[in-house]
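Given next are the chains, with one letter for each unit.
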Amino acid sequence: MDDIIQGIRVLLTGFLLTQLSYGFTIFLLEGTMTSFYALVIYEKPSSSYQKFVNLFMFLLVGSGYYIYLRLRKYNWFVRKFLFLIALVLQGIASVIIYYSIYGSLKAIFHT
């Protein structure tokens, strides 16, 4: 049972860190990373494969891109400042989510 909990812990950590690190990469390399994300997703997916690709990309690295799109209307300095605040809040939320899920697993399985 400990191996399963550790596996879930590793997957959760990887997922949360991937979201956060892609967000910081967008913060640093704004246009390059958003262009890459825009190339990989389908604007109007018509097949189930295209919908799966969009879902996979959003689950893997989508939060940073989504936040960036919402802040695109501001000028460069304000956008960077608000995006940095959003990334810090996302990091705090990631730590809370991690410890909530890990603590719940430990409580459920009494390890």
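Residues numbered from 1 in each chain as written. Predicted model: local features only at pLDDT ≥ 70, side-chain atom pairs only at ≥ 80, totals over all residues. Heavy atoms only, no water.

Visitor: Could you give an account of the confidence of the model for the protein chain, with specific residues and numbers?
Guide: Reading fine detail from the predicted coordinates is not recommended where pLDDT is low. Looking at the protein chain, the pLDDT average stands at 91 and 99% of residues meet or exceed 70. The element-level mean pLDDT for the protein chain is lowest in helix H2 (residues 30-40), coming to 87, with helix H4 (residues 76-109) highest at 95. (pLDDT = per-residue confidence, 0-100. Helix = DSSP H or I, 4+ residues; strand = E, 2+ residues; numbered from the N terminus.)

Visitor: Which residues make up a nonpolar patch on the surface, and what values go with them?
Guide: A cluster of nonpolar side chains, Phe-24, Phe-81, Leu-84, Ile-85, Val-88, Leu-89, Ile-92 and Ile-96, forms an exposed patch at the surface whose accessible area comes to about 710 Å². In terms of residue count, H4 provides more of the nonpolar patch than any other element does, seven residues in total. Following the sequence through the fold, Ile-85 ends up in helix H4. (Patch = residues over 30% accessible without salt bridge, like charges linked within 9 Å, V, L, I, M, F, W, Y side chains within 5 Å. Areas by Shrake-Rupley, 256 points an atom, 1.4 Å probe, with all protein chains shown as cover. Salt bridge = Lys/Arg side-chain N within 4 Å of Asp/Glu carboxyl O.)

Visitor: Break down H4 for me, with residues and values.
Guide: The α-helix winds at 3.6 residues per turn, so residues separated by three or four positions along the chain end up facing the same way. For H4, with 34 residues, the first-to-last C-alpha span of 48 Å sits near the 50 Å given by 1.5 Å per residue. Of all the positions in H4, only Arg-79, Lys-80, Phe-83, Ala-86, Leu-87, Gln-90, Gly-91, Ser-94, Tyr-98, Tyr-102 and Leu-105 are classed as buried. In this structure, the buried side of H4 is in contact with helix H1 (2-28), H2 and helix H3 (48-71). One or two positions beyond H4, positive phi appears at His-110, with a value near 50 degrees. (Expected span 1.5 Å × (residues − 1). Buried < 20%, exposed > 50% of the residue type's maximum accessible area, 1.4 Å probe, protein only. Contact = heavy atoms within 4.5 Å.)

Visitor: Kindly report on the side chain of Gln-50, identifying the contributing residues and their values.
Guide: For Gln-50, the location among the structural elements is in helix H3. A polar contact of 2.7 Å, which involves the side chain of Gln-50, links it to the backbone nitrogen of Ser-46. Those residues within four positions of Gln-50 in sequence are excluded, and the remaining contacts are Tyr-42, Lys-44 and Pro-45. (Polar contact = N/O pair within 3.5 Å; in protein donor to acceptor, adjacent residues only side chain to side chain.)

Visitor: Please provide a residue-by-residue account of the side chain of Thr-34, values included.
Guide: On the secondary structure map, Thr-34 appears in helix H2. Overall, Thr-34 belongs to the buried group, its relative accessible area being 7%. A distance of 3.0 Å separates a polar side-chain atom of Thr-34 from the backbone oxygen of Glu-30. Setting aside anything within four residues of it in sequence, one finds Thr-34 in contact with Ile-26, Tyr-65 and Tyr-68.

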